[in-house]
Amino acid sequence: MKVDLLLTGADFITLDPRQPRARWLAVHGERIVAAGTDPAEAPKGYRTVELGGTTVVPGFHDAHNHTVQYGLALRHVDLKSSQVRTLDELYRRVRNAADRQPAGSWIVGEAYDQNVLGAHPDLAVLDRAAPDHYVQLTHKSRHMCFVNSAVIDALDLQDAPDPMGGTVQRGPDGRPTGLLLESAMELLRPLTWPASLPAMVDAISSAHARYLAEGLTAVQEAGVGAGLAGSSPLEAYAFQVAREQGDLRVRTTLMPVNAGAEPIRGANSDDVFGFGLGLRNGFGDPWLRIGPMKVFSDGSLIGRSAALNDGYHEDPCNHGMLAMEPVDLHAVLRAAHRSGWQTATHAIGDRALDAVLDCYERILAETPRADHRHRVEHAGVAGPDAVTRLIRLGLIPDPQGRFITEIGDGMIEALGPDRIGWCYRSRSWVDAGIELPGSSDRPVVDGAPLLGIHDMVNRRTASGLVLGADESLTPLQALRAYTYGSAHATFLEEDMGMLGSGRLADLTVLSDDLTTIAPERIRDIEVVATFVGGAAAHDPQHLAEQAAPCI
Ligand SMILES: [Zn+2]
């Protein structure tokens, strides 16, 4: 039999236990039909692509990502600490934007970090930088933001009570300082939310072009439709439009936020908890589908809003905040579980993690379900007891390797020396037999998967400290997380995550073998090409075009 495409001339790291390494891969339609080591056994292909001594791995898959927020942020003022290291520079960038934009428009800044700047912005100085605009500066954690007086006045925030799970920070005079924490950011919504459909489609399109260049072939959207992570109630609609227009170029699993879910009445005992029509995770196809229900239980560590049992190192009276009362969290998780949902609950601090574990202890005792794959997003601070409980309950933690480099120094400050070994564990989970996913939480940090893999292996902070050396993964374990592990975390492992017969031909071509290169050089590896469903989706060297038609 002749196949559509034969890929040769590379070392294929398949992650398929039956054949971990291959020298050729045969693709027919969208799927891999065979792989082998002996060139003499390769079938003939209508096209043969010679990959020039590269290394090929299953396509990278980010299990926790925010495409629309990232794509929208590409158009905002960049305040990342790599660009902006002083408050003066932050104000200068806001002033520049004010000079360019019409009065009365929004200036949105992205990713300032008070850990680097020394402090949050000052309201009076910010007001002078942009007196005629609305200003919103989003914190790097995306769990808080800073607004100017124009926004405070337009929304009457002077008198706004704090919402559950949020704070309008106030000075000694009782006036808002400009800082809005956690759910208080939702007070901005009358002015800023939802994003428009064309803006979201455009955001998806520009984000996916970058993802393919980084070797990503699949992502999971950790919160769409509602809540802090959602950009619009029409977010799923935007992904559908993007697909119809040919702009959905990376396979996407959507995690709807629980805030949009409700009890749906069926007949008699058929009632379920979920979204319109009773759709739930698994609905769709590998290009666009519904994944777990996303639930929030607390905030962020570097923003000092993650819920901690023993408080913050330099501020022990601050224990962070829970996004929901434990009784409400239990009700949501229980209803979702009993309605057949897989859930993915954001829990960073150990107090939030304990609350989630308490819930699942009760829920799984009451209604056991084999292979539920309920997830804990981040599991940022996990003490020894929590590790044991999480493993026993069969939950899947989803830590972000890249957090260690970009915000690890801030996490060390927040936690102090005693708890730092509990932070963003990886090895503890893998050694316990958990199929660990790989993810970035982009745009919180740079989402390039090779950076995430590098950091899961090296665990070095920006200042050069190694954070929890015991929690390092081997390069092969980190690769598995960012491919097979992520697929498994959303029940897609039969379709992707391995280069084996029957799976989708989603693969990433790399300049070097990440399992043999020096670990500190993994981040320097280049993505040579990216194939999705057997088609070259990113191919700057035109490898696929030079394919020899085989007669
Ligand atoms: Zn997230």
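## A short note on the coordination of the zinc ion
Bound to the zinc ion are the protein donor atoms His-64 (NE2), His-66 (NE2) and Asp-441 (OD), situated 2.1 Å from the metal. Between consecutive donors of the zinc ion, the numbers of intervening residues give the motif H-x1-H-x374-D. By the burial criterion, His-64 is buried, and His-66 matches it.

## A word on the packing of helix H7 (residues 197–213) against helix H8 (residues 235–244)
Interaxial distance between H7 and H8 falls to 9 Å at its minimum, and their mutual angle equals 60 degrees. In terms of orientation, H7 and H8 fall into the oblique class. You can see that H7 and H8 cross each other, and the crossing is right-handed. Note on element contacts: H8 touches H7 through Glu-235, Tyr-237, Ala-238, Phe-239, Val-241 and Ala-242, opposite Leu-197, Met-200, Val-201 and Ile-204.

## Thoughts on the domain arrangement of the protein
Many authors give the size of an interface as the accessible area that is lost as the parts come together. Looking at the assigned domains, one finds that the protein contains domain 1 (3–58 + 501–538), domain 2 (72–192) and domain 3 (197–488). One C-alpha centre belongs to domain 1, the other to domain 3, and the line joining them spans 29 Å. The interface of domain 1 with domain 3 comprises 26 residues on the first partner and 22 residues on the second. Summed over both sides, the interface between domain 1 and domain 3 buries roughly 2,000 Å², with carbon and sulfur atoms accounting for 70% of that surface. Joining domain 1 to domain 3, the criterion identifies two salt bridges. Arg-251 is the salt-bridge partner of Glu-30, the closest N and O atoms lying 3.3 Å from each other. One can count seven residue pairs in polar contact (both at pLDDT 80 or more) joining domain 1 with domain 3. Breaking the side of domain 1 that touches domain 3 down by element, the ones donating at least two residues are strand E4 (45–58), strand E22 (507–510), strand E23 (527–532) and strand E24 (535–538). Of all the elements, E23 adds the most residues to the side of domain 1 that touches domain 3, at four residues. Of the residues in the side of domain 1 that touches domain 3, the class split is 15 nonpolar, five polar and six charged.

## Observations concerning H7
For H7, spanning 17 residues, the distance from its first C-alpha to its last is 25 Å, which sits close to the expected 24 Å at 1.5 Å a residue. Every buried residue of H7 is listed here: Met-200, Val-201, Ala-203, Ile-204, Ala-207, His-208, Tyr-211 and Leu-212. The arc that holds the buried residues of H7, viewed along the axis, is 155 degrees, so those residues lie on one side. Of the residues flanking the end of H7, it is Gly-215, one or two places downstream, whose phi is positive at about 90 degrees.

Rules of the game
Residues numbered from 1 in each chain as written. Predicted model: local features only at pLDDT ≥ 70, side-chain atom pairs only at ≥ 80, totals over all residues. Heavy atoms only, no water. Donors = N, O, S within 2.8 Å, 3.2 Å for Na, K, Ca; no water. Buried < 20%, exposed > 50% of the residue type's maximum accessible area, 1.4 Å probe, protein only. Axes fitted to C-alpha atoms, helices over the stretch in contact; angles between N-to-C directions. Helix = DSSP H or I, 4+ residues; strand = E, 2+ residues; numbered from the N terminus. Parallel < 35°, antiparallel > 145°, perpendicular 65-115°, else oblique. Left-handed = near helix turned anticlockwise from the far one by under 90°. Contact = heavy atoms within 4.5 Å. Domains from an automatic or database assignment. Buried area = accessible area lost by both parts, 1.4 Å probe. Salt bridge = Lys/Arg side-chain N within 4 Å of Asp/Glu carboxyl O. Polar contact = N/O pair within 3.5 Å; in protein donor to acceptor, adjacent residues only side chain to side chain. Nonpolar A, V, L, I, M, F, W, Y, C, P; charged D, E, K, R; others polar. Expected span 1.5 Å × (residues − 1). Arc of directions from axis to C-beta.

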